[in-house]
Amino acid sequence: MFVYKCEDSFESVFTAIYKVYENHHQREEVFLSLDDDPRLFSTVIEVETDAERYQKVIRTLRKQFGESDYERLCLVLASLDVEKAQAVFGTVVAGLNCGCGAGHLFDNLTDTWVYKAFKLARNAGRENDRYREFIRFEELESGILYSPIKPENNILLFLMPHFADRLSGENFVIHDVGRELFGVHPAGEEWFLVQGEPTAKEESVHGRAKSLSEEKYQMLFKTFCKSIEIKERRNPKLQMGMLPLRYREYMTEFH
Amino acid sequence: MSGQDKSLMDRLAILTDAAKYDVSCTSSGVDRRGNDRPWGNGRDADKNTGKAKGIGNCVAAGICHSFSGDGRCISLLKILMTNECIYDCKYCLNRRSNDIARAIFTPEEICTLTMEFYRRNYIEGLFLSSGIVNSPDFTMELIARTIYLLRTKYLFNGYIHVKAIPGADEELIRQTGFFADRMSVNLELPTAEGLRRLAPNKHRKNILTPMRQIQNGITQNRNELAIYRHAPRFVAGGQSTQMIIGATPENDFQILSVAESLYQRFELKRVFYSAYVQVNEDKNLPVLPGGPPLLREHRLYQADWLLRFYGFQAGELLDENRPFFNVMLDPKEDWAVRHLEEFPIEINRAPYEKLLRIPGVGVKSARRIVAARRSSSLTFADLKKLGVVLKRALYFITCSGHMMYPTKLEEDYIVRNLTSEKERIRFGSDGMSYRQMSLFDDGMFSREVTSDETMQAVMGQL
């Protein structure tokens, strides 16, 4: 058994996949690990991220499996699961072995690792969709739009393109509170991610002054949400199912 | 008192409250990137960055931004331009003879509200409807002016859904269509007879005329787009309509047949069903002590999905002799137990169209089955992974020639197992036979739709 130890990043995992093929190891005797758990009777191989190698892998994946399946693989790596690297590896090998075409990487759900990757991608993708819906921006004094989020999966990377396209003329910041990660979009320019300092936490969420009209529009929206409900059809359970509590922490209409 | 004296907050409350009975709140059917600006303002791109000014994009799947206390999605800023109305439709809160607070928005107010809500990611766009002020033409012009302003002055690129006012000038409706993503004309009631009784100022013909006009506009536009890729798009998200259920005595078969012909002959994107909510008292209106007929509405939506995505026809689900949906079984289960000669279906060999007819198999799981069985033959454990609801499907399928459990292919046996004990007692059935809904049944629609069921209907998993 060969344990490839990689870091929790796309680059590292893709480098590891390249190395497996470089070393001519078989799928069955390889495990991609993200933690330090020792495994019996196995040789540990430390993976050092290598730009040339992972770029080659990315190019192959995109060409072979198509954009959308490549994005799903990335979503798997954005999830929290400890076995996600192995799931991606298992899926990629299965896909390459059967020579499946673009868009068919996740067809064979009877395969354990393909199914696992499929589930993780679906979960992270759903959360991404939810946040696309439920993010609420607040206008700060400076005119910047600011929104805190607390996602389980590391989805900020997938969230930013949507809002950058939608609000191209706005300065906005999406703040992953748990990871202290900021997605920053200056008006009319490309967006980028910034890793924040953990100490700035309290101040960053609460210590910002809102713009003058912010309060007014928040009140208007709350009024709207209240008035739109048909009392005769009241159904809090359905509301809960569609919009679970964990998303509501930063949502204007629930405060 | 003139509507403009009230504060913006009060008017928003009034005009939202007046608009809430409109069911449609979807933002689907259009994919438009932020820099794809069909309204001519793409040319005012920023000189430094080359990016277009303005705001907004559209996602084909639609985006719900919140859910109100009744569990319905909030996707668009759904408001009326005004709730003043010259008509006197008996089911409507805003009818002329009702003594309620009236209000009106100016086009600028609507634009500002939409823009500010959109920036904060509260909404996906605007849904603008209106009571009829002065005349249909006057009202349609107000609506047209508002969305023209929103598109060209405020450079709004998000989703816009507007009502076409029956009886308004053809040219006005045509021009509005070039600025809207979706248009809708409400059918209000399933039959002309019902309309005559409850909406004396509205006529079936007046409603169908703009519907046909929009359909023709879309077809013509499609041809233009085939030749000129950048031709302005007309109602890109298609048109929809809605019917009130339970205010008039039509049966489910009539309603479903109307919906089917709307899909086929008018190429509608969606037909919405709205369980009648008693807001007015009138001798022509039914009294519904059990609240709005939600289960009936739910069954209609299920059947609607079967029509649009599962290749069913209205005549297969219901007919003259059994014109109402079954209370205990959903329309697909009901169809399946009446057509046991088609079952069991072999999962590993049946064509896609057959798979869709199995209760517990949805569009997604049917597609996954077709994809997965290419590499290996499927077992029941695999089906579970693919998202098949075995609880319902197991009576109707085989995997490699075997059934999951030894079951009988008998109508009564399957019905007894598909429905829970509690429901059988609730509906007074002994489980050996099951009754159909009839208008005169006590407690007929009083079973609540569970949130699971509603969610399945929303996601299209039947």
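Residues numbered from 1 in each chain as written. Chains lettered and ligands numbered in written order. Predicted model: local features only at pLDDT ≥ 70, side-chain atom pairs only at ≥ 80, totals over all residues.

A. Spotlight on the overall build of chain A. When its secondary structure is counted, chain A shows nine helices and eight strands. Reported as C-alpha extents along the three principal axes, the dimensions of chain A are approximately 65 × 45 × 35 Å. For chain A, the proportion of its 255 residues judged to be buried stands at 38%. (Helix = DSSP H or I, 4+ residues; strand = E, 2+ residues; numbered from the N terminus. Buried ≥ 20, exposed ≤ 12 C-beta atoms within 10 Å, placed from the backbone.)

B. Layout of the overall build of chain B. When its secondary structure is counted, chain B shows 17 helices and 10 strands. Residue pairs in contact within chain B that sit at least 24 positions apart in sequence constitute 73% of those at least 6 positions apart. (Contact = placed C-beta atoms within 7 Å.)

C. Quick peek at the domain arrangement of chain B. For chain B, the assigned domains read domain 1 (3–235) and domain 2 (331–435). A separation of 42 Å is found between the C-alpha centroids of domain 1 of chain B and domain 2 of chain B. (Domains from an automatic or database assignment.)

D. Seen up close, the interface of chain B and chain A. With 50 residues of chain B in contact, the opposing surface of chain A contributes 43 residues. Counting residues per element, the side of chain B that touches chain A draws most heavily on helix α1 (residues 8–19) of chain B, which supplies five residues. Tallied by class, the residues present in the side of chain B that touches chain A amount to 18 nonpolar, 17 polar and 15 charged. (Nonpolar A, V, L, I, M, F, W, Y, C, P; charged D, E, K, R; others polar.)

E. Just the sheet that holds strand β2 (residues 30–33) of chain A, in detail. All names here are of chain A. Strand order in the open sheet formed by three strands is β2-β1-β3, with parallel pairing between adjacent strands. Of all strands in the sheet, those bounded by a partner on one side alone are β2 and β3 (43–46). Between one strand axis and the next, the sheet turns through 25 degrees on average, direction left out of account. For strand β1 (residues 2–5) and β3, the ladder comprises four bridges, and the chain directions are parallel. Among the inter-strand pairings, Phe2 is bridged to a residue of β3, identified as Thr43. (Pairing = 2+ DSSP bridges. Axes fitted to C-alpha atoms, helices over the stretch in contact; angles between N-to-C directions.)

F. View of the packing of helix α3 (residues 136–152) of chain B against helix α4 (residues 170–177) of chain B. Residue and element names in this part refer to chain B. α4 packs onto α3 with a crossing angle of 20 degrees between their chain directions and a minimal axis gap of 10 Å. Considering the angle they form, α3 stands roughly parallel to α4. The element α3 and its partner α4 pack so that their crossing is left-handed. Between α3, through Asp137, Met140, Glu141, Ile143, Ala144 and Ile147, and α4, the contact on the second element is made entirely by Leu172, Ile173, Gln175 and Thr176. Across the contact of α3 with α4, the residue classes break down as six nonpolar, two polar and two charged. (Parallel < 35°, antiparallel > 145°, perpendicular 65-115°, else oblique. Left-handed = near helix turned anticlockwise from the far one by under 90°.)

G. Just the environment of Pro406 of chain B, in detail. By secondary structure assignment, the location of Pro406 of chain B is in the loop between β10 (397–398) and α15 (411–418). Along the backbone, Pro406 of chain B and Leu394 of chain B are 12 residues apart, and their C-alpha atoms lie at a distance of 9.9 Å.

H. Representation of the domain arrangement of chain A. Residues and elements named next belong to chain A. You can read the domains of chain A as domain 1 (2–127) and domain 2 (135–254). The straight-line distance from the C-alpha centre of domain 1 to that of domain 2 is 32 Å. Of the residues in the side of domain 1 that touches domain 2, the class split is four nonpolar, one polar and one charged.

I. Just unusual backbone geometry, in detail. Residues and elements named next belong to chain B. Omega for the bond connecting Phe343 with Pro344 falls within 30 degrees of zero, at -5 degrees, which places this linkage in the cis form. Structurally, Pro344 is set in the loop between α10 (331–338) and β9 (345–346). Even without glycine at this site, Glu188 takes up a positive phi of about 65 degrees. Within the secondary structure layout, Glu188 lies in the loop between β6 (182–184) and α5 (192–198). One non-glycine residue, Ser400, lies in positive phi territory at about 45 degrees. Note on placement: Ser400 falls in the loop between β10 and α15. Residue Ser400 is classed as exposed on the basis of its C-beta count, with 12 C-beta atoms lying within 10 Å.

J. Region of the structure containing the environment of Phe10 of chain A. Residue and element names in this part refer to chain A. Mapped onto the fold, Phe10 is located in helix α1 (residues 10–22). Sequence separation between Phe10 and Ile135 is 125 residues, and the spatial gap between their C-alpha atoms is 25 Å. Not counting chain neighbours up to four residues away, the residues in contact with Phe10 comprise Cys74 and Leu77.

K. Highlighting the environment of Asn157 of chain B. Residues and elements named next belong to chain B. Residue position: Asn157 is located in the loop between α3 and β5 (159–163). Look at Asn157 and you get buried, because 28 C-beta atoms sit within 10 Å. Taking the C-alpha atoms as reference, Asn157 lies 25 Å from Asn186; in sequence the two are 29 residues apart. Sequence-distant contacts of Asn157, that is, excluding residues within four places in its chain, are made with Arg32, Gly34, Arg37, Gly54, Ile55, Gly56 and Asn57.

L. Spatial organisation of the sheet that holds strand β3 (residues 76–80) of chain B. Residues and elements named next belong to chain B. The sheet built from six strands is open, its strands ordered β3-β4-β5-β6-β7-β8 with parallel pairing. Edge positions in the sheet fall to β3 and β8 (270–275), since each has one partner strand and no second. Here the strands of the sheet are splayed against their neighbours by 20 degrees on average, with no regard to which way each runs. Pairing geometry for strand β4 (residues 125–129) and β5, over four bridges, is parallel. Paired with Leu126 across the bridge in β5 is Ile160.

M. Summary view of the nonpolar core. With 187 residues, the main nonpolar core has Val13, Val76 and Val88 of chain A together with Leu15, Leu128, Ile147 and Leu256 of chain B as its most contacted residues. Sort the elements by how many residues they give to this core and helix α5 (residues 112–134) of chain A lands first, with nine residues. Excluding its chain neighbours within four sequence positions, the residues that come into contact with Leu256 of chain B are Leu300, Ala303, Ala314, Leu317 and Leu318 of chain B. (Core = buried A, V, L, I, M, F, W, Y, C linked by C-beta atoms within 7 Å.)

N. Representation of the pairing of strand β7 (residues 181–185) of chain A. Residues and elements named next belong to chain A. With five bridges connecting them, strand β6 (residues 172–176) and β7 associate as antiparallel partners. Bridged to Asp176 within β7 is Leu181. Here β7 folds back onto strand β8 (residues 192–195) in antiparallel fashion, the turn holding six residues, of which Gly188 has a positive phi close to 75 degrees.

O. Structural context of helix α6 (residues 156–166) of chain A. Residue and element names in this part refer to chain A. Every buried residue of α6 is accounted for by Leu156, Phe158, Leu159, Phe163 and Arg166. One side of α6 holds all its buried residues, which, seen down the axis, span an arc of 160 degrees. Elements that come into contact with the buried residues of α6 comprise α3 (67–77), α5, β6, β7 and β8. (Arc of directions from axis to C-beta.)

P. Representation of the pairing of β4 of chain B. Residues and elements named next belong to chain B. Judged by how many residues are buried, β4 sits mostly within the fold: five of five residues are covered. In the classification by handedness, the crossover that spans β3, the intervening helix α2 (residues 107–119) and the parallel β4 is right-handed. Note that the unit made of β4, α3 and β5 has a crossover that is right-handed. (Right-handed = clockwise from strand over helix to strand, strands pointing away.)

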